[in-house]
Amino acid sequence: MANGTRDDGSANAGRPGEPRPDDAALSARLGRLDRRLSELKDSRKIETGREERQNETAAARASALARGFRLSSELVAGVAVGAAIGWGFDYLLSTSPWGLIVFFLLGFAAGVVNLMRSAGVVSDIHERLKDPD
Amino acid sequence: MDPIHQFEIKNLFTIGTFGGHEIAFTNSAAYMFLAVILTAALMLGGTAARRLVPSRVQSLAELSYEFIADMLRSTAGEHGMKFFPLVFTIFMFVFVTNMLGIIPYTFTVASHIIITVALALLVFLTVIVYGFYKNGLRFFKLFVPSGIPMAILPLVVGIEIISFLSRPVSHSVRLFANMLAGHITLKVFASFVTMLGALGIAGVVGAALPLALTVAITALEMLVAALQAYVFAILTCIYLNDAIHPGH
C-alpha cells in the first residue's frame, strides 16, 4: 500500500515537464524511509516466526504426552463400564453369565470406538449430528 | 515406611452430625480450602490494580484467563464461553491442588477417587442437562448414527450408549490414577534413600542414585500434575461441545 502511494506520488511529480527540486527530494526521502521500514518489518517477522515455531514444538511435545494419557484410559474405561453394566444386568435378572459376556464384548467395542474417536480416526459425535436428518 | 500412608484422611475437627452421620472437617477439606483461597488471592489480587502494563501477579492472572479462554474457544466455539466459569474453576482447582500435593508433607486431594468422580460427574450431568435443555429430544441422536442399516442399528446404539457412559469413568480415573501412582513412586524411591543410608558408608554412596532419581521424578510429577489439570479441562471442553453444538 505504502509502495503504491509512493509510486503514484513520484509519477505525478515527474509528469508536468520540470519537477520542482523539493518534490524530487521529498519523494526520494519517502522512498528511502519506505525501504528501511519494510526491511525492519521483514526482519521482525522472521524473528517472531522463529519464536512461534519453537513455542509450537514445545506445546506439541507436551500435548503429545497429554494425548497419550488420554488414549490409554479411554479403552480401559469402555471395557470397565461394559463389564459393570453386564454384571448389574446379571445381578438384576439372574442371567449369569450371559449378560457379563455380552456386555463385556460390547464394552470392548465401545472402548475401541472411544479410542478411535479421541485419536481422530473416526468422526466425532457432534460431526454426525450436523446434518438435519 | 508405608508408601500409602500419605493418602490417609485425618479428621481435623467435627462440624456436627447430620442424620446420624458425622460431618467432619478433614485434612482433604483443608487442602481444598487452601487451594480455593490461593486461587481467589491470585485472581482478586492480580486484577485489583488493573494496570495497562501488568505487574507480575496481574500477568499471571491474565495468562491463566487467556489460556482457558483460548482452549474453550478453539474446542467449543464462541458459544462455549458461557461455560467459562465452570471450566476455569475446574482447571484452577485441579491445578492448584495438584501443585500443592508436590510439596513434601502435603496431602494430594486428587489422589482420592471420590474427588475426581465428583468433578467428572459434575461435567457429565451438566452435559446431559444442558444438552436436553438446549436440544430437547434431538439430543438422543447422539446415540443414533445416520446411514446405519437397520439390522445392526441396535448393536451400534448399544455400543454408543456404553461409550457415552464410559466418559465420566475415563475422565475421573485418569486424573486419580496418575496422581496416586506418581506419589507412590515418589515415596518408594525416597524410602530407598533412607534404607540404603542406614547400611553404613557403602549405603550412603549407593543412596546417591535413588536420591537423584527422586529429584528427577519430582520434576516429572510437576509436569504430570500440570498436564493432568490441562487434560481434565480440555476433556471438559470437548464434552461440553457435544451439548452446545449438536445441530450447528
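A. Seen up close, the overall build of chain A. Scanning chain A for helices and strands turns up 4 helices and 0 strands. Element order for chain A, N to C, with α for helix and β for strand: α-α-α-α. Each of the 133 residues in chain A was classed as buried or not, and the buried ones make up 16%. Excluding contacts between residues fewer than 6 apart, the proportion of contacts in chain A whose partners are at least 24 apart in sequence is 52%.

B. View of the overall build of chain B. Counting its secondary structure elements, chain B contains 7 helices and 2 strands. Taken from N to C terminus, the helices and strands of chain B fall in the order β-β-α-α-α-α-α-α-α. Its C-alpha atoms give chain B principal-axis dimensions of roughly 75 × 55 × 45 Å. By the burial criterion, 32% of the 248 residues in chain B qualify as buried. A separation of at least 24 residues holds for 63% of the contacts in chain B among residues at least 6 apart in sequence.

C. The arrangement of unusual backbone geometry in detail. Note that the residue after A:Ser96, namely A:Pro97, is joined by a cis bond; omega there is 5 degrees. Of note, A:Pro97 is situated in the loop between α2 (21-93) and α3 (98-119). Although it is not a glycine, A:Ser94 sits at a positive phi angle of roughly 45 degrees. The topology assignment puts A:Ser94 in the loop between α2 and α3. In this model, B:Tyr105 sits at a positive phi of 70 degrees, which is unusual for a non-glycine residue. Among the structural elements, B:Tyr105 can be located in the loop between α3 (84-102) and α4 (113-135). The class for B:Tyr105 is exposed, based on 5 C-beta atoms found within 10 Å.

D. Region of the structure containing the environment of B:Met222. Within the secondary structure layout, B:Met222 lies in helix α7 (residues 208-244). Looking at B:Met222, the number of C-beta atoms within 10 Å reads 14, which means it is partly exposed.

E. Summary view of the pairing of strand β1 (residues 11-18) of chain B. Burial analysis of β1(B) places just 0 of its 8 residues in the buried class, a small minority of the element. Here β1(B) hands over to strand β2 (residues 21-26) of chain B after 2 residues, with B:Gly19 in that stretch at a positive phi of 60 degrees.

F. Focus on α3(A). In this model, α3(A) (22 residues) spans 32 Å end to end at C-alpha, consistent with the 32 Å of a helix rising 1.5 Å per residue. Taken residue by residue, α3(A) has A:Leu100, A:Phe103, A:Leu106, A:Gly107, A:Ala110, A:Gly111, A:Val113, A:Asn114 and A:Leu115 as its buried positions.

G. Geometry of the pairing of β2(B). Residue and element names in this part refer to chain B. Along β2, only 0 of the 6 residues are buried, which leaves the element largely exposed. In terms of strand pairing, β1 meets β2 through 6 bridges, oriented antiparallel. In the strand pairing of β2, Phe13 is matched with Phe25.

H. View of the packing of helix α1 (residues 27-48) of chain B against α3(B). All names here are of chain B. Between α1 and α3, whose axes approach to 9 Å, the crossing angle comes to 115 degrees. When you trace α1 past α3, the crossing you get is right-handed. Taking contact as the criterion, the partners of Tyr31, Met32, Leu34, Ala35, Leu38 and Thr39 in α1 are, on α3, Met92, Phe93, Val96, Thr97 and Leu100. Residue composition of the contact of α1 with α3, grouped by class: 9 nonpolar, 2 polar and no charged.

About the criteria used
Residues numbered from 1 in each chain as written. Chains lettered and ligands numbered in written order. Predicted model: local features only at pLDDT ≥ 70, side-chain atom pairs only at ≥ 80, totals over all residues. Helix = DSSP H or I, 4+ residues; strand = E, 2+ residues; numbered from the N terminus. Buried ≥ 20, exposed ≤ 12 C-beta atoms within 10 Å, placed from the backbone. Contact = placed C-beta atoms within 7 Å. Pairing = 2+ DSSP bridges. Expected span 1.5 Å × (residues − 1). Axes fitted to C-alpha atoms, helices over the stretch in contact; angles between N-to-C directions. Left-handed = near helix turned anticlockwise from the far one by under 90°. Nonpolar A, V, L, I, M, F, W, Y, C, P; charged D, E, K, R; others polar.

Read these as layout, nothing more, since geometry by itself doesn't imply function.
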